[in-house]
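A look at the structure
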Amino acid sequence: MKLKNSDKVILLGLLGIAICALSIIYIAKPTFEKRKAIVDESAQLEVRLRELQDKEAHREEYEQGIIEYNAEYEKLLSLFPADLKQEITIMFLAGIKESNEFDISSLGLGEKTLFYELGKNGADEVITNTADTATDDATATDATAADAATDDAAAGDATATEAEVADESEELNCYSADFDITYSGSYKSLKDVITYIDNYSDRMTVDSLNITYDGEQYKGDLDLRCYSVEGLSRPERSLELSQVEIGIDNIFVGGNGASAGTSLNKYDDKDGAEIETSYDFYTMLNPSTSDVSAKVVGQNGTGKENTVISNSDNSTSTIVYEFYEVDGKTYCKYTLDNDQSYEAEVTSADDVKVLIQSSERKNEEDKVAVKISINNKASIPVYVKVSGDDTVSPRVTITKTGSVKVYQ
């Protein structure tokens, strides 16, 4: 059948409409949607670009902030030991007894407990039981995600293992341990013990203190809690077990650090004043604004300039004196901030005298101070005189082991 011209026109019109519709559906619409996606992405990238440009303008400020933050972080971290060995706890308690008229009749050593976790990638997490709070939806989502990631994980095992090792090396776990003490002593010794705990190099707190007075001495219970921050990046401290008193073979002779027949009262008459003019080793503390170094440690005597170690940090430093014997000779090794040290032979045959020459603080900005540890493993006693220290805010804190007498 032959179509009329009018029918052809109608068919051509319908064909044109169909072609236009198909062009819109399959060409124009995808192009429009793609353009819209590009415009949206471009807008997001422009916002991101402005953010990055703003951060770039403050790059030096942010980088300096990172340095200051890391320094403050390390400063806070240094307040906590890297381990909680019971041997160190015993040494701490031995220091209490040796430095004060303080008797410990019973002691309970608690096991360390994980109470806080500096989590992966800097996410701090309190240790809690999350098993009961997980929902079925979360479990299903985790399972789906795990299935979807199986192939990728299998392809990148080596990379993942390296990342896990890196994460583990940066993880730090926080532990605490409680130990209870039943004590007796004078009122002054009790105050001195609290000060000793407060100034001790390891972080610890007094959780509770019970005091009773029986007319002669004070008695009660003291509950302490000590803390540590442990991880692969913070190796445990080396501990010489010889520093821990474990008794002696013959009970009729003196033990380590307390020779038989030796009493530490040689300079008691003048409260150690003689040591200020005649001493073997010294530590000098000067104000932060002084023209000389804030902390100076050395051996006394002519031509001993090479024995001096020092720094001018306006902060609290640690100084460790170690006295020991090798081949019948006595030596002293002193260390400043685990950074500088010097070893010298002790020339005196009867005793060793150490002068700690301190000074008054100039103002609140004067932060110069030291925590001094004196460890004597030698057979001769060590006498220490602290002179000129600030009476309101002392610069000097001393802990000791072995045969050591301190005059303050």
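Figured I'd write up the structure that's included with this text. (Residues numbered from 1 in each chain as written. Predicted model: local features only at pLDDT ≥ 70, side-chain atom pairs only at ≥ 80, totals over all residues. Heavy atoms only, no water.)

Bringing the sheet that holds strand 11 (residues 329-336) into the picture now. Across the sheet, which stays open at both edges, the five strands sit in the order 12-11-10-14-16 with mixed pairing between neighbours. Every interior strand has two partners, whereas the edge strands, strand 12 (340-345) and strand 16 (396-401), have only one. For this sheet the average axis-to-axis angle between neighbouring strands, irrespective of direction, equals 15 degrees. Here strand 11 runs beside strand 12; their pairing, made up of six bridges, is antiparallel. Across the sheet, the residue bridging to Tyr 331 is Glu 345, located in strand 12. (Pairing = 2+ DSSP bridges. Helix = DSSP H or I, 4+ residues; strand = E, 2+ residues; numbered from the N terminus. Axes fitted to C-alpha atoms, helices over the stretch in contact; angles between N-to-C directions.)

The subject of this paragraph is the pattern of salt bridges. Counted according to the given criterion, the structure contains 14 salt bridges. In this structure, Asp 207 and Arg 225 form a salt bridge, with 3.3 Å as the shortest nitrogen-oxygen distance. Here the residue Asp 207 occupies a position in strand 5 (residues 204-213), and Arg 225 occupies one in strand 6 (residues 218-230), the gap between them amounting to 18 residues. Given the relative accessible area of 43%, Asp 207 is considered partly exposed. Taking relative accessible area as the criterion, Arg 225 reaches 28% and is therefore assigned partly exposed. The salt bridge partner of Lys 353 is Asp 351, with a shortest N-O separation of 3.5 Å. Like Lys 353, the residue Asp 351 is buried in the burial classification. Because the salt bridges share partners, they merge into one network encompassing Glu 56, Arg 59 and Glu 63. (Salt bridge = Lys/Arg side-chain N within 4 Å of Asp/Glu carboxyl O. Buried < 20%, exposed > 50% of the residue type's maximum accessible area, 1.4 Å probe, protein only.)

Let us look at the pairing of strand 6. Strand direction decides the pairing type here: strand 4 (residues 172-185) and strand 6, joined by 13 bridges, are antiparallel. Opposite Asp 180, over in strand 6, you have Asp 223 as the bridge partner. With nine bridges joining them, strand 5 and strand 6 adopt antiparallel strand pairing. From the neighbouring strand, Met 204 faces strand 6, where its bridge partner is Cys 226. Between the antiparallel neighbours strand 5 and strand 6 lie four residues, among them Gly 215 with a positive phi of about 95 degrees.

Next up on the list: unusual backbone geometry. Even without a glycine there, the phi angle at Asp 337 is positive, about 55 degrees. Structurally, Asp 337 can be placed in the loop between strand 11 and strand 12. Residue Asp 337 is classed as partly exposed on the basis of its relative accessible area, which comes to 27%. You will see that Asn 338, though not glycine, has its phi angle at about 55 degrees, which is positive. The residue Asn 338 is located in the loop between strand 11 and strand 12 in this model. Relative accessible area serves as the criterion here: at 71%, Asn 338 is assigned to the exposed category.

Let us look at the side chain of Lys 353. If you trace the backbone, Lys 353 turns up in strand 13 (residues 352-357). At a separation of 3.5 Å, a polar atom in the side chain of Lys 353 contacts the side chain of Asp 351. Setting aside anything within four residues of it in sequence, one finds Lys 353 in contact with Tyr 267, Ile 275, Ser 278, Tyr 279, Asp 280, Phe 281 and Tyr 383. (Polar contact = N/O pair within 3.5 Å; in protein donor to acceptor, adjacent residues only side chain to side chain. Contact = heavy atoms within 4.5 Å.)

No statement about biological role is implied by the geometric values presented.
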